[in-house]
Structures are given as C-alpha cells and as structure tokens.
Amino acid sequence: MSAAGAILPTSAGPFERALADAMSDTLPVPIAAVFDPAQTPSAFIPWLAVHDGVRLWFSDWPEELKRLVIEDAPVLAGKVGLRTASVRMLFYVDGSLLDVVSYPTPFVQGRAVIGRTPIGHPAFVARHLVKVETAAPAGAFVMGRAAIGSARYRTPSREKIRRALIALATAKSPESEYRADFGHKRPLLLADAPSLDGSHHLGEFVARNKL
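Everything numeric here is computed off the predicted structure, so don't read it as measured data.

The subject of this paragraph is the layout of surface pockets. Empty pockets left among the atoms are what a rolling probe the size of a water molecule brings to light. Considered as a void within the structure, the second largest pocket measures approximately 250 Å³ in volume. For the second largest pocket, the lining is made up of 19 residues, of which G81, L82, S102, A126 and H128 are closest to its centre. Only helix 6 (83-92), strand 1 (95-103), strand 4 (125-132), helix 7 (159-171) and strand 7 (177-181) provide two or more residues apiece to the lining of the second largest pocket. A per-element tally of the lining of the second largest pocket places strand 1 first, with 4 residues. Of the residues in the lining of the second largest pocket, the class split is 10 nonpolar, 6 polar and 3 charged.

Below is the structure:
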C-alpha cells in the first residue's frame, strides 16, 4: 500500500483506492537537475531564465552564454545600480566599461565646479565610456566616417551598440539616468609625449580610457 493509500478513510471506494495506489512519493522528474543552469535541458533554458529573474536576454545568444547568464542572475540581482552590474551586463554583449563618472561628484577633471556640484550635470546621472568592437562593411574603403565603393550602399550594423545601450539600461537603478559614450579612440596629442622614434605619426588615434 502506498503512503496515500494508508491515509484513506475506511469508506473509500475502489476508484479512490486505485488512485491512491497509483501515487508515489518518488518523483520521476529530476527536479534538482532541471533547476540547475548547467544541467537543465536545452528546451527548458528560456523557462529557467524567467524563473531565476534574468534581466538581460537575447534569443540568439549561444547556449553556453545563456546558461552563464542564468547562473549569474541571483547574485547580479542584488547589484543593480552598481558598477559591478554594468561591467557584467556589458560583458554579456561583448562590451567593456572603460570609465564611469557619477554625478553629483565633488571634483571632475576638466569641468568647472561651483560649491560641491559640477555645472551642467544633474544629480543621479552616470556617464559611461564603453568600448565595443564595430566593423566597416565588407570590402569597403573607409575615409573618415564614409565608406567608398559598392559598400557605401550597405549601412554598418549598429547592433552591438544597441545591445550595449540595453545592457546599461538593464544594469541601472530605476531612479538614475545614464549616458553612454562609445568614443574609445582619440587623436594623439603632444601632451601624450609620443616617442620620436617614428613609431607614431600625425593623425594617429590612441586608446581613450578616461571621460
């Protein structure tokens, strides 16, 4: 007799007793494995993402990345609004965070400050310097910002930038605003004290790591 059958009243009929005998205390479904991001079946991955409160998701991600995002979700949920969340969210979309300035801030290099708040920068706004690798249309010769040749009719994809913006919006707290700068290259300046051994040239661009 099953455990369910043992608690049936004496008045139970054949149907109730047959139903109780069909019940089992052992579930045939591997619940622990299904709720483990590393072991859950591929078809169950989107459902597990919803269950674990994943905030950022793209259906064309590789399965390995989807499992990683689900695994990170419980911990990352407690870091929304922090730099840690922005760094991790950008990592998911192949971006990297180079610098952040959050306002109000007592001192900003290159900005005028009156009292304790910089001019022209409202409170609860964070500026992000983000790096994403973009590519010119295949077979194009690019001069400045224009593509020359047949590739000029093909618009370079802005998908990586779009996803980076979504990642930053997902990582911020509801009360704050963000501004993103994707200019991670800047012209070489004399202030950089470039070497005169011929390794640098006029008009060269160098990495920009600060806002």
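Read across the open sheet, the 3 strands follow the order 1-4-7; overall the sheet is mixed. The open sheet has two edge strands, strand 1 and strand 7, and neither has a second partner. Pairs of neighbouring strands in the sheet enclose a mean axial angle of 25°, with direction left out of account. In this structure, strand 4 lies alongside strand 7, joined through 5 bridges in parallel fashion. Of the residues in strand 7, the one forming a bridge with H128 is A180. Along the sheet face, helix 6 touches strand 1 and strand 4 and points at about 155° away from the line of strand 1.

Let's shift gears to a nonpolar patch on the surface. On the surface, F15, L19 and M23 cluster together to form a nonpolar patch covering roughly 340 Å² of accessible area. With respect to the helices and strands, the residue F15 is situated in helix 2 (residues 14-22). A relative accessible area of 61% places F15 in the exposed class.

Right, let's talk about the confidence of the model for the protein for a bit. In the predicted model, the protein carries a mean pLDDT of 81, and 76% of its residues have values of at least 70. Averaged over each element, pLDDT in the protein is lowest for strand 2 (residues 113-114) (48) and highest for helix 5 (residues 63-76) (96). Taken together, the stretch residues 112-117 has pLDDT below 50 and engages in 8 contacts with residues farther than four places along the chain or on a different chain.

Moving on: the environment of A18. Looking at the element boundaries, A18 is found in helix 2. Measuring from C-alpha to C-alpha, the distance between A18 and G5 comes to 8.6 Å, with 13 residues separating the pair along the chain.

Thresholds, definitions, all that
Residues numbered from 1 in each chain as written. Predicted model: local features only at pLDDT ≥ 70, side-chain atom pairs only at ≥ 80, totals over all residues. Heavy atoms only, no water. 1 Å grid on protein atoms, 1.4 Å probe; cavity = no way out; pocket = protein on both sides within 12 Å on 5 of 7 lines; lining within 4 Å. Points joined across faces, edges and corners; volume = space filled by probe spheres on them. Helix = DSSP H or I, 4+ residues; strand = E, 2+ residues; numbered from the N terminus. Nonpolar A, V, L, I, M, F, W, Y, C, P; charged D, E, K, R; others polar. Pairing = 2+ DSSP bridges. Axes fitted to C-alpha atoms, helices over the stretch in contact; angles between N-to-C directions. Contact = heavy atoms within 4.5 Å. Patch = residues over 30% accessible without salt bridge, like charges linked within 9 Å, V, L, I, M, F, W, Y side chains within 5 Å. Areas by Shrake-Rupley, 256 points an atom, 1.4 Å probe, with all protein chains shown as cover. Salt bridge = Lys/Arg side-chain N within 4 Å of Asp/Glu carboxyl O. Buried < 20%, exposed > 50% of the residue type's maximum accessible area, 1.4 Å probe, protein only. pLDDT = per-residue confidence, 0-100.

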